[in-house]
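So the chains spell out like this:
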Amino acid sequence: MSTKSMAYDNPTYTSRNSESMGEIGGAATTQYAKFCAFTASLAFAAQMTVTTAGTATTHAVTFSKISGTATTALATATLGTAAAGSTFNVPLSTAAGGVTMNQGDLLVAITGADATGKVALSYEAAPQPGANVTA
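Residues numbered from 1 in each chain as written. Predicted model: local features only at pLDDT ≥ 70, side-chain atom pairs only at ≥ 80, totals over all residues. Heavy atoms only, no water.

1. A word on the overall build of the chain
Alright, step 1. Broken down by element type, the chain carries one helix and 11 strands.
Alright, step 2. Listing each helix as α and each strand as β along the chain from the N terminus yields β-α-β-β-β-β-β-β-β-β-β-β.
Alright, step 3. Along the first, second and third principal axes, the C-alpha set of the chain runs to 50 × 30 × 30 Å.
Alright, step 4. Distance between charge centroids for the chain: 5 Å, based on 5 positive and 6 negative side chains. (Helix = DSSP H or I, 4+ residues; strand = E, 2+ residues; numbered from the N terminus. Lys, Arg positive; Asp, Glu negative; His and termini not counted. Charge placed at Lys NZ, Arg CZ, Asp CG, Glu CD.)

In structure tokens, the structure reads:
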């Protein structure tokens with residue numbers, strides 16, 4: 001297969017995608033929801049819906065970007081004891097345009113000390129304009 005890049009205004013680059021990561025949680029201080037960028041991308045937010053309420057008021061999920069051996073903290077969402085069905089939208093960057101990711105970079109969600117709370121998680125992302133995609 002080959003790769004191609006298209007005009008900056010091609011729908012491939014102007015549409016946002018939702019990458020569903022399934023349910024995360026159930027173990028304290030564990031990495032979950034590892035998303036690998038398939039091309040140069042922009043990550044905008046994480047969307048979470050509580051599926052099992054946490055038992056600690058400090059229950060939280062932290063998001064980081066891993067690029068090679070470098071880890072960059074992006075955001076933390078404190079969920080506390082939010083009831084099942086509660087939703088949280090977590091911007092991954094305060095800068096306009098989202099978090100820049102190179103091909104192969106990872107987004108990860110890391111649970112806090114609560115081993116009970118669980119959430120369903122998806123990431124909002126899009127290829128960077130002009131990024132190579134598989135032809």
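2. Details of the packing of aromatic side chains
Alright, step 1. A complete count under the given rule lists two aromatic pairs for this structure.
Alright, step 2. Pairing F63 with Y123 gives two aromatic rings, centres 6.3 Å apart and planes at 80 degrees, and the pair type is edge-to-face. In this pair, F63 sits in strand β5 (residues 60-67) while Y123 sits in strand β10 (residues 118-127), placing the two residues 60 residues apart along the sequence.
Alright, step 3. Taking relative accessible area as the criterion, Y123 reaches 1% and is therefore assigned buried. (Phe/Tyr/Trp six-rings, centres within 6.5 Å; stacked < 30°, edge-to-face > 60°. Buried < 20%, exposed > 50% of the residue type's maximum accessible area, 1.4 Å probe, protein only.)

3. Focus: the sheet that holds strand β3 (residues 31-36)
Alright, step 1. Pairing within the open sheet is antiparallel, and its four strands lie in the order β3-β9-β5-β6. Edge positions in the sheet fall to β3 and β6 (70-78), since each of these pairs with one other strand and no more. Between one strand and the next, the sheet's axes are offset by a mean angle of 20 degrees, whatever the strand orientation. (Pairing = 2+ DSSP bridges. Axes fitted to C-alpha atoms, helices over the stretch in contact; angles between N-to-C directions.)

4. Let's talk about the environment of L107
Alright, step 1. Positionally, L107 belongs in strand β9 (residues 106-111).
Alright, step 2. Relative accessible area serves as the criterion here: at 1%, L107 is assigned to the buried category.
Alright, step 3. Setting aside its immediate chain neighbours within four residues, L107 contacts A33, K34, F35, A43, S64, L74, L92, M101 and Y123. (Contact = heavy atoms within 4.5 Å.)

5. Description of the nonpolar core
Alright, step 1. M48, F63, L92, A109, L121 and Y123 are the most contacted members of the largest nonpolar core, which totals 24 residues.
Alright, step 2. If you list the elements that add at least two residues to this core, you get β3, β4 (41-52), β5, β6, β8 (99-101), β9 and β10.
Alright, step 3. The dominant element in this core, judged by the number of residues it contributes, is β4, at four residues.
Alright, step 4. Those residues in contact with A109 that sit more than four places away from it in its chain are I24, T30, Q31, Y32, A33, V61, T62, F63, L121 and Y123. (Core = buried A, V, L, I, M, F, W, Y, C linked by side-chain atoms within 4.5 Å.)

6. What to know about unusual backbone geometry
Alright, step 1. At T29, a position not held by glycine, the phi torsion is positive, near 45 degrees.
Alright, step 2. Inspection of the secondary structure assignment puts T29 in the loop between β2 (17-25) and β3.
Alright, step 3. Assessed through its relative accessible area of 61%, T29 is described here as exposed.
Alright, step 4. One non-glycine residue, A33, adopts positive backbone phi at about 50 degrees.
Alright, step 5. Relative to the assigned elements, A33 resides in strand β3.

7. A closer look at the side chain of S64
Alright, step 1. Among the secondary structure elements, S64 is positioned in strand β5.
Alright, step 2. By relative accessible area, S64 is classed as buried at 6%.
Alright, step 3. Ignoring sequence-local partners within four residues, the contact set of S64 consists of T71, T72, A73, L74, L106, L107, V108 and I110.

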